[in-house]
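Structural characterization, general
For reference, the chains in residue letters:
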2 protein chains.
Amino acid sequence: MNVCLIGVSGHYGYALGGISADGNCEVAGVAPGSPEEDLTPLVNRLRSQGRNPVCFDDYRRMLEELRPDVAVVNCHFADHARVGIEVLKSGCHLFIEKPVAVTEEQLKALRQAYLESGRHLAAMHGLRYHPAFYTAWKAVRNGAVGEIRLIHAQKSYRLGSRPDFYRKRERYVGTIPWVGSHAIDWIRWFSGKTFDSVYASHSKRFNREHGDLEVSALCHFVLEDEVFASASIDYLRPEQAPSHGDDRIRVAGSDGILEVRDGKVWLINQESDGVRELPLEHPGNIFADFLGQIRGEKRCLVSAEDSFYVTEICLKARESADRRIPVRIS
Amino acid sequence: MNVCLIGVSGHYGYALGGISADGNCEVAGVAPGSPEEDLTPLVNRLRSQGRNPVCFDDYRRMLEELRPDVAVVNCHFADHARVGIEVLKSGCHLFIEKPVAVTEEQLKALRQAYLESGRHLAAMHGLRYHPAFYTAWKAVRNGAVGEIRLIHAQKSYRLGSRPDFYRKRERYVGTIPWVGSHAIDWIRWFSGKTFDSVYASHSKRFNREHGDLEVSALCHFVLEDEVFASASIDYLRPEQAPSHGDDRIRVAGSDGILEVRDGKVWLINQESDGVRELPLEHPGNIFADFLGQIRGEKRCLVSAEDSFYVTEICLKARESADRRIPVRIS
């Protein structure tokens, strides 16, 4: 299979890893998806792997000329849906950065294009493939905590110095849809529940001259069956911290409590005394799974429907934080 | 000083510990504060310490006859304010279980009685005296994390089998004001901020035949200066857990992040590489401090004003959860 990469502003690394792991596909071409995207680091990385993709200025021309099987879209966040729709209309399968859209209209149009295309689509919720989160998810889905009642998810990043487009809401889309989307995805994925409503808050204060970028955010979700979930989101992790991010989830259920912290999984339930650490399972690479799904050999852990649904929740959460009111989801 | 105990439904153990530590006061009498309170365990415990308090059926008669300096009130939660007002009017200093009231009218009346009495009052926010929380609080107040931006507090208890009055909302008052009051108190105490609003949820599901008792709850607070705080509250801790409660707080600020977990304090900021554990400080006993405050020798970590304010926030949070709307606080 031939793969084209559009944009370099997100997690294209998932695709490069999956292509290497797969061994049966090639990077045919690369192009920017948004103005001012500099392809140099991507091209250098591909060349160091012995790959020689054709570089295009215009991704539309690339899609026409190369007719790839799969396109990987990760441009400026505000452009995902527009580019994604063109990809689907050109007949490609679509591996797309999240959030997949930044307005409800865009989201509706992308979903429509997907349904009409008959192609495969997955958003880059690659953290589902993190061994600790995957192991935790499997345990929870196998009943380790009984019925889920309460979830707390945490995303905490170093701010560092971000690219310019992070400073503008209309390009960056906001910290809840960007950083928070992972936490929201976990809540959806672990619970399998529909979301009834969200109440959220976000603040730009102390963003170290990052314009519109929100540095702290908090979301409160009410899911079906009176399940409640919070997501704590920040760029406050000190530079001295031992890692870029501090990803966590705590899932409290009727029969046990499970946590992911420091890349490890901890469980208390009736089957053992005290807290026990679960051995990690390694699910592989998201893009390799996506390629396998296209070939009909396996299923990617991220479905197209969840890709749309998580984006919808992100947008409702951002709306709640902007308007300071609870927003209904379904 | 002479102390009388009214009720046995809360944390009178703080008072017994403080009386022992103080060495200069006596337990003059004990009485129930609510119908059906059984004094036997308290009286046995006092006798085992060589104390012989007079037992009364009616705390009013006890206050009249013994004229104690201090009364310790911890009856059924719905009766705190009523009994507390009588204590203050009798001229006693008041050490009272939280929440100190269960309606806004009660709270207003108690505060009025306090202001008119000229006596000292502290609520039983004894977890301020837990070495880890005290150490963490001192570090935060000394600037360890810079300006506070985001707080997450957790209270997780074993349910076990609770006394009958926990099953009735009108006696028990609710899990947010009872269990959650600690988390809310920490948020207030660490931040020193006023609270603008709360959005909260609670659920009785899976309460193992505990009537009205809510087993899971989640609160989202917006404080002044766009500080956000969540409180996750549950009775879902499995019986197999290594301790009754799993108390935590995470405070993320402009210059660092501090956590209390498993009775330890962890800090990351610019002053060290990686996460470091803070040595614990031991602040002593809340009731011993309260006695010292009455004598003019020291100050209790829990002020009367914070006792009222935290109760006000608890009641607004419960109202939010009952009505499923955001509620303004100040």
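Residues numbered from 1 in each chain as written. Chains lettered and ligands numbered in written order. Predicted model: local features only at pLDDT ≥ 70, side-chain atom pairs only at ≥ 80, totals over all residues. Heavy atoms only, no water.

**Looking at the sheet that holds strand S11 (residues 248-253) of chain A**
Residue and element names in this part refer to chain A. Taken in spatial order, the nine strands line up as S14-S13-S12-S11-S7-S10-S9-S8-S15 in an open sheet, and their pairing is mixed. Of all strands in the sheet, those with a lone pairing partner are strand S14 (276-277) and strand S15 (327-328), marking the two edges. In the packing of helix H9 (residues 180-191) onto the sheet, contacts are made with strand S7 (148-156), strand S8 (195-203), strand S9 (216-223), strand S10 (227-234), S11 and strand S12 (256-261), and the angle to S7 comes to roughly 155°. In the packing of helix H11 (residues 304-323) onto the sheet, contacts are made with S8, S9 and S15, and the angle to S8 comes to roughly 50°. (Pairing = 2+ DSSP bridges. Helix = DSSP H or I, 4+ residues; strand = E, 2+ residues; numbered from the N terminus. Contact = heavy atoms within 4.5 Å. Axes fitted to C-alpha atoms, helices over the stretch in contact; angles between N-to-C directions.)

**Considering the sheet that holds strand S3 (residues 54-55) of chain B**
Residues and elements named next belong to chain B. The strand order across the open sheet formed by six strands is S3-S2-S1-S4-S5-S6, and the pairing between neighbours is parallel. Either end of the sheet is taken by a strand with one partner, and the two such strands are S3 and strand S6 (121-123). Together, strand S1 (2-6), strand S4 (70-73), strand S5 (93-96) and S6 form the strand contacts of helix H4 (residues 80-89), whose direction differs from that of S5 by roughly 160°.

**Concerning the interface of chain A and chain B**
Counting residues at the interface gives 54 residues for chain A, matched by 54 residues for chain B. A combined buried area of about 4300 Å² lies between chain A and chain B, and 58% of that area is made up of carbon and sulfur atoms. Scanning the region where chain A abuts chain B turns up eight salt bridges. Linking Arg-250 of chain A and Asp-234 of chain B is a salt bridge whose minimum nitrogen-to-oxygen distance equals 3.1 Å. Classifying every residue of the side of chain A that touches chain B gives 20 nonpolar, 19 polar and 15 charged. (Buried area = accessible area lost by both parts, 1.4 Å probe. Salt bridge = Lys/Arg side-chain N within 4 Å of Asp/Glu carboxyl O. Nonpolar A, V, L, I, M, F, W, Y, C, P; charged D, E, K, R; others polar.)

**Things to note about the environment of Ser-272 of chain B**
Residues and elements named next belong to chain B. Along the chain, Ser-272 falls in the loop between strand S13 (264-269) and strand S14 (276-277). Along the sequence, Ser-272 and Gly-160 sit 112 residues apart, while their C-alpha atoms lie 42 Å from each other. Engagement of the side chain of Ser-272 in a polar contact is seen with the side chain of Arg-276, the distance being 3.0 Å. (Polar contact = N/O pair within 3.5 Å; in protein donor to acceptor, adjacent residues only side chain to side chain.)

**With respect to the confidence of the model for chain A**
The predicted model of chain A has a mean per-residue pLDDT of 96, with 100% of residues at 70 or higher. Across the predicted assembly, pTM comes out at 0.96 and ipTM at 0.96. (pLDDT = per-residue confidence, 0-100.)

**A look at the side chain of Arg-237 of chain A**
Inspection of the secondary structure assignment puts Arg-237 of chain A in the loop between S10 and S11. Taking the relative accessible area as the measure of exposure, Arg-237 of chain A reaches 7% and is therefore buried. Only 2.8 Å separates the side chain of Arg-237 of chain A from the side chain of Ser-243 of chain A, close enough to count as a polar contact. If near-sequence neighbours (up to four positions away) are discounted, Arg-237 of chain A is found in contact with Ser-156, Tyr-157, Arg-158, Leu-159, Pro-242, Ser-243, His-244, Gly-245 and Asp-246 of chain A together with Ile-257 and Ile-268 of chain B. (Buried < 20%, exposed > 50% of the residue type's maximum accessible area, 1.4 Å probe, protein only.)

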